[in-house]
Amino acid sequence: MKEELTKLLMESYDQGVTDGLNTVVQLIRELRPAILPIEGMGSGKSTQEWFDILVETIKEKQNGQ
């Protein structure tokens, strides 16, 4: 019984991680079209700035759900 519960818990955790990663990938896909025009305007942003934008967008999506 213990092994079965452990297996179910691990499967649930793994699914949660997979779902979380899928959400991040989807958000990146949604953000990419918005980033392209900004890059074309010569407004260079550092990698850290793009990650900051990504984090803010993820927070907004989470609060909206």
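Higher on the page you've got the structure.
Residues numbered from 1 in each chain as written. Predicted model: local features only at pLDDT ≥ 70, side-chain atom pairs only at ≥ 80, totals over all residues. Heavy atoms only, no water.

*Asks:* Would you explain the overall build of the protein in this entry?
*Replies:* What the protein contains, in helices and strands, is 2 helices and 0 strands. A buried classification covers 11% of the 65 residues belonging to the protein. Per element, the accessible surface of the protein, about 5500 Å² overall, is 59% carbon and sulfur. (Helix = DSSP H or I, 4+ residues; strand = E, 2+ residues; numbered from the N terminus. Buried < 20%, exposed > 50% of the residue type's maximum accessible area, 1.4 Å probe, protein only. Areas by Shrake-Rupley, 256 points an atom, 1.4 Å probe, with all protein chains shown as cover.)

*Asks:* Can you walk me through the pattern of salt bridges in this structure?
*Replies:* Should their charged atoms come close, side chains of opposite charge can pair. Enumeration according to the criterion identifies 1 salt bridge in this entry. Where Lys-7 meets Glu-11, a salt bridge forms, and the shortest distance between an N and an O atom there is 3.9 Å. Pair noted here: Lys-7 and Glu-11 are both in helix 1 (residues 2-40), with a separation of 4 residues, about one helical turn. (Salt bridge = Lys/Arg side-chain N within 4 Å of Asp/Glu carboxyl O.)

*Asks:* Hey, could you run me through a nonpolar patch on the surface in this one?
*Replies:* A grouping of Met-10, Tyr-13, Val-17 and Leu-21 is seen on the molecular surface, where their side chains present a nonpolar patch of about 410 Å² in accessible area. Secondary-structure assignment places Leu-21 in helix 1. In this structure Leu-21 comes out as exposed when scored by relative accessible area, which is 53%. (Patch = residues over 30% accessible without salt bridge, like charges linked within 9 Å, V, L, I, M, F, W, Y side chains within 5 Å.)

*Asks:* Mind showing me how you'd approach the environment of Ile-28 here?
*Replies:* On the secondary structure map, Ile-28 appears in helix 1. Residue Ile-28 is classed as partly exposed on the basis of its relative accessible area, which comes to 41%.

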